[in-house]
Amino acid sequence: MVPLSRGPTPRVLVEYGAPWTQAYVAERAAKPTQRPQSRRYGHAEVRLELRRMSLGKCFYCERKLTEAEEEVDHHVEVAERPDLAFEWANLYLACTPCNSGKAPNITHPIAACVDPCAPGADPAAHLTFDRERIAPRANSPQGRATIVKYDLHRDELDLARSRALTGFYEALIAVERCARLDRRGDFNDAERELLRAYADPARPFSLMMAALLRRLGL
Ligand SMILES: [Zn+2]
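Residues numbered from 1 in each chain as written. Predicted model: local features only at pLDDT ≥ 70, side-chain atom pairs only at ≥ 80, totals over all residues.

## Structural notes on helix α8 (residues 206-215)
An α-helical segment advances 3.6 residues per turn. Residues three or four places apart therefore align on the same side. To keep it simple, the criterion reads: Three classes are used. A residue is buried when 20 or more other C-beta atoms lie within 10 Å of its own, exposed when 12 or fewer do, and partly exposed in between, with C-beta atoms placed from the backbone. For the purposes of this entry, the term helix denotes a DSSP run of H or I that reaches at least four residues, the term strand denotes a run of E that reaches at least two, and both are numbered from the N terminus. C-beta atoms are first placed from the backbone for all residues, and any pair lying within 7 Å is then listed as a contact.
Of all the residues in α8, the buried ones are Ser206, Leu207, Met208, Met209 and Leu212. On its buried side, α8 packs onto β3 (127-130) and α6 (155-181). Of the residues one or two after α8, glycine 217 is the one with positive phi, at around 70°.

Pasting the structure below:
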């Protein structure tokens, strides 16, 4: 998870957000389990803007998503706030496991978790990594709640993060070899830049990579 800043409201929501919300709230009054239409809140224009915000990654776990894998998530659940079903600020981009595995707000309130879109959000203050394994930083209760809520310690993510680390360490070994062959005691600017690029926000798992680079003094 990294801080994200929200772009402008997609045109389709400016135009239809209010009538869609009104219709949905009325439908829900008649049928309390009614879900909002995904082709509305997950409209192509909405997804395009969400994709721009996160550079194509899940807002929660930072996995790179293909368009087929993208889900539009209601950050505050519709069961809790049906009036936010088409609210731009409540729509997040998530992978299926982060979205469907999400612990309910009743047991894991959203307010207790780190919100990547909140102004001044600082996920790095609450989340850290031991190799590929995510952990709350300095026993942060918000970090712990976030990991549980989105199941960020699931095996599938550990494996994906582990593969990303392998890629980084292969690059590190190659760079160290170059420095050794050139009889340099340190990396040059280009080598540092190459390694630091792994923590670029466009790359998957950039929060983990940034923590690792800090630890390595890079
Ligand atoms: Zn995810």
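## Some thoughts on the pairing of β3
This is how it is decided: Pairing between strands is defined by DSSP: at least two bridges between them are needed.
As paired elements, β3 and strand β4 (residues 133-136) share four bridges and run antiparallel to each other. Paired with phenylalanine 129 across the two strands is isoleucine 134, which belongs to β4. Where β3 folds back onto β4 in an antiparallel hairpin, the turn is made up of two residues, including arginine 131, whose phi is positive at roughly 50°.

## Digging into the confidence of the model for the protein chain
Using the following cut-off: Scored from 0 to 100, pLDDT reflects the predictor's confidence in each residue.
Put simply, the protein chain has an average pLDDT of 95, and 100% of its residues get 70 or more. When pLDDT is averaged over each helix and strand of the protein chain, the minimum, 91, is found for helix α4 (residues 96-100) and the maximum, 98, for strand β2 (residues 91-94).

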